[in-house]
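Next come the chains, spelled out residue by residue.
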Amino acid sequence: MEALNGFIPFILIIVIFYFLLIRPQRMQQKKLQEQQNAMKAGDKVVTAGGIHGIVREVEEKTVKIEVSAGVIIKFEKASIVAFVAKEN
C-alpha cells in the first residue's frame, strides 16, 4: 500500500502533463491537418519557411502558391503551417 502512495505523485504529474501539453498539441495538429485537406484556390497561407502567398492550385500532395504577381511556387501540403484570416 505504501508503494502505491509513492507512485501517486508521479501519476498525477503525467496526467497534468497530458492535459496541459500533449492533448492541446494534438488538437492543434489535427486542426492544421483538417485545414490543409480543405485548402482551396484563393486561400491565403504561410509556409514553414515564412513565405506568404495565395493558393492557386491544389493537387493531392502539393499546392501551387502565388507569392508575387506571376510568380508561382510548388510546395508540399505539409509545409503549409498557417492560414491567414480573410478580410471582409
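Residues numbered from 1 in each chain as written. Predicted model: local features only at pLDDT ≥ 70, side-chain atom pairs only at ≥ 80, totals over all residues. Heavy atoms only, no water.

### What about the overall build of the protein?
Thinking step 1. Scanning the protein for helices and strands turns up 1 helix and 5 strands.
Thinking step 2. In sequence order, the protein lays out its α and β elements as α-β-β-β-β-β.
Thinking step 3. Taking 12 Å as the expected radius of gyration for a compact globule of 88 residues, we find that the protein reaches 20 Å, considerably beyond that expectation.
Thinking step 4. Dimensions of the protein, computed from the C-alpha atoms along their principal axes, are close to 70 × 30 × 20 Å.
Thinking step 5. Residue burial in the protein is summarised as follows: out of 88 residues, 18% are buried.
Thinking step 6. A separation of at least 24 residues holds for 33% of the contacts in the protein among residues at least 6 apart in sequence.
Thinking step 7. The centroid of the 12 positive side-chain charges in the protein is displaced by 3 Å from the centroid of its 9 negative side-chain charges. (Helix = DSSP H or I, 4+ residues; strand = E, 2+ residues; numbered from the N terminus. Rg over C-alpha atoms; globule rule 2.2 N^0.38 Å. Buried < 20%, exposed > 50% of the residue type's maximum accessible area, 1.4 Å probe, protein only. Contact = heavy atoms within 4.5 Å. Lys, Arg positive; Asp, Glu negative; His and termini not counted. Charge placed at Lys NZ, Arg CZ, Asp CG, Glu CD.)

### A closer look at the pattern of salt bridges
Side chains bearing opposite charge may pair, as long as their charged atoms lie close to each other.
Thinking step 1. Per the stated rule, a full pass over the model turns up 4 salt bridges.
Thinking step 2. Close ionic contact of K40 with D43 constitutes a salt bridge, the shortest N to O distance being 3.4 Å.
Thinking step 3. The partly exposed category is assigned to K40, whose relative accessible area is 45%.
Thinking step 4. Here D43 falls in the buried class, since its relative accessible area comes to 9%. (Salt bridge = Lys/Arg side-chain N within 4 Å of Asp/Glu carboxyl O.)

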